[in-house]
Protein chains: 2
Amino acid sequence: MPSRIDYFDDPQAPPNSMVPSVNVIVSDEKGRILLIRRTDNGNWAVPGGAIDLGESMTQAAVRETFEETGIHCEITGLAGVYTDPKHLIHYTSNDEVRQEFSLVLTARPTGGEPRTSSESSEVCWVEAQGVEGLPMDRSMRMRLEHYLAGGSHPYLG
Amino acid sequence: MPSRIDYFDDPQAPPNSMVPSVNVIVSDEKGRILLIRRTDNGNWAVPGGAIDLGESMTQAAVRETFEETGIHCEITGLAGVYTDPKHLIHYTSNDEVRQEFSLVLTARPTGGEPRTSSESSEVCWVEAQGVEGLPMDRSMRMRLEHYLAGGSHPYLG
């Protein structure tokens with residue numbers, strides 16, 4: 001039973017919150033990307049989540065990555081900022097309709113072993129060419145495509 | 001009577017909110033920077049403010065710059081992301097203690113004429129070397145110093 005539904009350009013769902021969040025693209029020395037399968041909607045994604053009060057963006061990125069994957073990482077840069085008001089996330093448990101606000105950071109692994117969690121039913125290192133075949137929300141696929149296209153400046157959207 | 005007080009590393013003020021905000025460094029063809037004098041605390045700053053529900057980061061940046069300065073601008077890049085949990089902003093009107101969460105964008109002017117507003121008692125184009133002498137909050141000065149140092153990657157803090 002999904003508790004998270006992503007909408008794009010759906011006029012029936014006005015946002016009622018905006019929560020600063022991070023996504024973390026951890027890539028290893030072979031160029032593989034650390035992906036999880038989300039337990040809330042079955043889609044594949046990079047690890048991430050909301051930034052808690054009392055922590056910085058990079059602290060949140062490192063914490064969420066470890067919680068969801070078992071991998072420790074070090075932040076290496078910023079791939080993009082995604083703030084499109086047309087991308088809304090409906091949390092069915094409390095009818096929160098959250099407007100996307102996500103900083104996508106890049107990172108390299110520094111230790112740990114992949115393991116699942118309550119938020120991730122699978123955790124895998126995936127080759128770049130394998131990303132395309134995985135079920136993924138539109139916004140997550142776009143973030144990974146921007147990253148894999150390898151621009152020299154962060155995406156600002 | 002100031003309604004905004006900035007704190008740094010003050011253990012007596014735990015945050016109770018985090019609001020995604022933008023700051024905009026608008027620079028003209030002579031390298032001068034568009035600065036305002038804030039009406040809420042008398043300090044100098046670049047224009048900016050909270051991102052509203054229903055608008056993107058860049059839409060907020062363009063809107064806030066026009067509201068506070070009379071200048072229309074076009075976003076050209078990202079100078080940095082500032083999310084230090086030690087920087088807290090106390091709004092005395094409702095006792096909100098907001099943890100800093102600011103995206104600092106760069107921009108170029110595309111039209112308009114400088115004019116003041118309810119949030120800005122002065123609006124000026126200031127040469128880079130003139131920035132140092134102006135009264136400014138620690139965090140704003142740091143943002144401008146990072147920008148003027150001219151790194152090729154955004155600051156991530």
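What comes next is a walk through the structure. All values reported here derive from a predicted model rather than from experimental measurement.

Rules used throughout
Residues numbered from 1 in each chain as written. Chains lettered and ligands numbered in written order. Predicted model: local features only at pLDDT ≥ 70, side-chain atom pairs only at ≥ 80, totals over all residues. Least-squares fit on C-alpha atoms with pLDDT ≥ 70 in both. Contact = placed C-beta atoms within 7 Å. Pairing = 2+ DSSP bridges. Helix = DSSP H or I, 4+ residues; strand = E, 2+ residues; numbered from the N terminus. Axes fitted to C-alpha atoms, helices over the stretch in contact; angles between N-to-C directions. Nonpolar A, V, L, I, M, F, W, Y, C, P; charged D, E, K, R; others polar. Expected span 1.5 Å × (residues − 1). Buried ≥ 20, exposed ≤ 12 C-beta atoms within 10 Å, placed from the backbone.

### Digging into the relation of the copies chain B and chain A
Next up, step 1: Of the two same-sequence chains, chain B is brought onto chain A (RMSD 0.0 Å, axial shift 0.0 Å) by a rotation of 180°. What we have between these two chains is a two-fold relation. Across chain B, the rotation axis passes nearest the C-alpha of Pro20(B), at a separation of 3.2 Å.
Next up, step 2: Interface overlap between copies is the fraction of interface residues in one copy that are interface residues in the other; for chain B against chain A it reaches 100%, indicating a shared surface.

### A few points about the sheet that holds strand 7 (residues 71–82) of chain B
Residue and element names in this part refer to chain B.
Next up, step 1: If you walk across this open sheet you meet the five strands as 6-3-10-7-12, and the pairing is mixed. Both edges of this open sheet fall to strand 6 (48–50) and strand 12 (155–156), since each of them pairs with a single strand only.
Next up, step 2: Bridge count between strand 7 and strand 10 (residues 102–112): ten bridges; the pairing is antiparallel. Bridge pairing links Val81 to Leu103 in strand 10.
Next up, step 3: In the packing of helix 1 (residues 57–69) onto the sheet, contacts are made with strand 3 (21–26), strand 6, strand 7 and strand 10, and the angle to strand 7 comes to roughly 120°.

### Section: the pairing of strand 10 (residues 102–112) of chain A
Next up, step 1: Relative to strand 10 of chain A, strand 3 (residues 21–26) of chain A is paired through six bridges, and the arrangement is parallel. From the neighbouring strand, Val22(A) faces strand 10 of chain A, where its bridge partner is Leu103(A).

### So, the sheet that holds strand 7 (residues 71–82) of chain A
Residue and element names in this part refer to chain A.
Next up, step 1: Pairing in this open sheet of five strands is mixed, and the strands run 6-3-10-7-12 from one edge to the other. Looking at the sheet topology across the chains shown, the edges are occupied by strand 6 (48–50) and strand 12 (155–156).
Next up, step 2: Together, strand 3, strand 7, strand 10 and strand 12 form the strand contacts of helix 2 (residues 138–149), whose direction differs from that of strand 7 by roughly 95°.

### Observations concerning the interface of chain B and chain A
Next up, step 1: Contact with chain B, which involves 24 residues of that partner, is made by 24 residues of chain A.
Next up, step 2: Mapped by element, the contributors of at least two residues to the side of chain B that touches chain A are helix 1 and strand 7 of chain B.
Next up, step 3: The residue inventory of the side of chain B that touches chain A, partitioned by class, reads 14 nonpolar, eight polar and two charged.

### Focus on helix 1 (residues 57–69) of chain A
All names here are of chain A.
Next up, step 1: The end-to-end C-alpha distance of helix 1 is 18 Å, a good match for the 18 Å that 13 residues give at a rise of 1.5 Å each.
Next up, step 2: Among the residues making up helix 1, those that are buried are Met57, Thr58, Ala60, Ala61, Val62, Glu64, Thr65, Glu68 and Thr69.
Next up, step 3: Following helix 1 by one or two positions, Gly70 adopts a phi angle in the positive range, close to 80°.

Interpretation in functional terms is not warranted from these geometric data alone.
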